[in-house]
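Letter by letter, the chains look like this.
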Amino acid sequence: MDLLIGGIARPAHDGATLRVLEPATAAEFATVASGGQNDVDAAIRAARTSFDSGVWANRSATDRGRVLLRVAALIRDRSEQIATLEARNAGKPIGDARWEVNAAADVFEYYAGAANKIFGETIPVQDAGIDMVLREPVGVCALIVPWNFPLLITTWKTAPALACGNSVIIKPASLTPLSALKLGEILVEAGVPEGCVSVLPGPGRIIGDALVSDPRVDKIGFTGETTTGASILRASSENITRVSLELGGKSACVVFADSDWEKSAASTPMAVFANTGQDCCARSRIVVEASIYDDFVAAFTRTTEALRVGAPLEETTEIGPMISAAQRQVSLDYLDIAAAEGAEQVTGGVIPDDPGFYLTPAVLAHVDNSMRVAQEEIFGPVASIIPFRDEADAIRIANDTPYGLSGSLWTRDLGRAVRVAKAIRTGVISVNTNRSVRTEAPFGGYKHSGLGRELGMHAMNHYTEVKNLFLSSE
Ligand code: NAP
């Protein structure tokens, strides 16, 4: 597949390509054009020219919303084709891929409706006249996304950016560029002006660096590792470019003895192992009250061992392969570290006899929160179960991490639910369920998990500038 520059498909300027693998087979699946400096320059020129011309920003907000509704409809029309592509490229079970494609259409529908609900304010100032606050588009938005939810995370940024009237340049992860390229085609087909849409696969250190350091780019929306986010923040400081960051996580699921803990033990394994653990929201630390600890570990392990690991296109598969051999090796290395630190590996961590990048879900018991497996983001199918003594100890452990993205707690005591939910420093927390992400509600992290919030109307803040306009009556 070609790059999409200013809405037009073309090969990379220097003819470079990248090989895309299928994680289930480890074989080559597609060849994609790989952008370089010249392609970044062309994409920024197209985005800048179309933004400055007002071709999209000056369309009525209602009209922009109608175009985004067409995007959603085209995604739904092609959902099976896109889901199959995503399942094969990212190694996702087909059922999960279908859910994600449906959720991607939901995101466009939400922001289609949001486009004409970006309200300003009037302010009762002391001077005679009317003081108004206007929300205007930021300009050229570089949107850099990871490989774990390639299409869905692209839509979290692209839909609100376009709803607000911006131009977008999407930089997908090198491992998973295919669904973002498909989305780019759909955006143009639905009626987003060509110049407002570019999709640039290619190495992050070239494309990403070039986008981040270019003064013609007004805004960077990034999802990925905390270390990459920190380097983007440094690079963007030169031009004071607006930056929002969705970064790593090490979220806790806190289970009190007074909860329906059997229900938690039945559902929490998929809160760690879904997407083969490659999920920023993964509840990779399960913090369990000491009095139920052994029973909980046994029940959690039974559920884990019943999960169906298999080929992404098999309808019954619950856990697919990991994205790459390198990513799998990271998990294997952490299992060695856990053993050396004294944790007990109860199950999993096995590589089946298969060329794909499979790894069975691993459960670690008797983990202390100071161990590296409890402190560092593994981004693989490894769950650490940590005992706690009392409510204060549970809160201390949940907060004892550099991250603060997601989390859940299980209790039947409403007062405790309120106290603990307020005390845990995290961007999202759920009580008696492990779901964290809802299209209509803000999502993002405290501490090293990021800056700013995506989804819901909060995302509009990233993609608008605030202008104060005063009309004098004198
Ligand atoms: P990553 O290595 O940081 O890469 C993310 C994106 O940044 C890719 O497109 C990558 O391109 C690009 N990139 C790499 N170096 C860059 C640079 N110097 N400047 C600009 N862009 C650069 O992250 P990943 O391994 O793909 O994703 C896993 C991480 O994402 C995990 O830490 C996970 O927790 C986090 N994540 C967070 C959220 C959230 O919402 N908080 C959601 C999902 C994932 P290449 O692919 O070409 O290297």
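Further up the page is the structure itself.
Residues numbered from 1 in each chain as written. Predicted model: local features only at pLDDT ≥ 70, side-chain atom pairs only at ≥ 80, totals over all residues. Heavy atoms only, no water.

Colleague: What is the right way to read the environment of A83 from this model?
Modeller: Along the chain, the position of A83 falls in helix α3 (residues 79-90). For A83, a relative accessible area of 0% corresponds to the buried category. Taking the C-alpha atoms as reference points, A83 and N102, separated by 19 residues in sequence, lie 9.0 Å from one another. If near-sequence neighbours (up to four positions away) are discounted, A83 is found in contact with I94, A97, R98 and V101. (Helix = DSSP H or I, 4+ residues; strand = E, 2+ residues; numbered from the N terminus. Buried < 20%, exposed > 50% of the residue type's maximum accessible area, 1.4 Å probe, protein only. Contact = heavy atoms within 4.5 Å.)

Colleague: What am I meant to see in the environment of T304 here?
Modeller: Its place among the elements puts T304 in helix α10 (residues 293-306). Owing to a relative accessible area of 3%, T304 belongs among the buried residues under this scheme. Along the backbone, T304 and E194 are 110 residues apart, and their C-alpha atoms lie at a distance of 47 Å. Once you skip the residues sitting within four places of it in the chain, T304 turns out to touch P269, F273, T347, P361 and V363.

Colleague: How do you make sense of the packing of helix α2 (residues 61-77) against helix α6 (residues 178-190) when you look at a structure like this?
Modeller: A pair of packed helices is captured by two measures, namely the crossing angle of their axes and the spacing between those axes. Orientation of α2 relative to α6, taken along the N-to-C sense of each, is 130°, at an axis distance of 9 Å. Relative to α6, α2 is oriented oblique. As α2 runs across α6, the sense of the crossing is right-handed. From α2, V67, R70, V71, L74 and I75 reach across to α6, where they touch L183, I186, L187, E189 and A190. Classifying every residue of the contact of α2 with α6 gives 8 nonpolar, no polar and 2 charged. (Axes fitted to C-alpha atoms, helices over the stretch in contact; angles between N-to-C directions. Parallel < 35°, antiparallel > 145°, perpendicular 65-115°, else oblique. Left-handed = near helix turned anticlockwise from the far one by under 90°. Nonpolar A, V, L, I, M, F, W, Y, C, P; charged D, E, K, R; others polar.)

Colleague: I keep staring at the pairing of strand β10 (residues 219-223) and nothing clicks. Help me out?
Modeller: Regular strands show a simple pattern: their side chains alternate between the two faces of the sheet. Among the 5 residues that make up β10, 5 are buried, leaving the element largely enclosed by the rest of the structure. Going residue by residue along β10, you find K219, G221 and T223 tucked away on one face and I220 and F222 tucked away on the opposite face as well. Across 4 bridges, the pairing between strand β7 (residues 140-144) and β10 is parallel. By the bridge assignment, L143 is partnered in β10 with G221. Regarding the hand of the β-α-β motif, the stretch spanning β10, helix α8 (residues 226-236) and strand β11 (residues 242-246) is right-handed. (Pairing = 2+ DSSP bridges. Right-handed = clockwise from strand over helix to strand, strands pointing away.)

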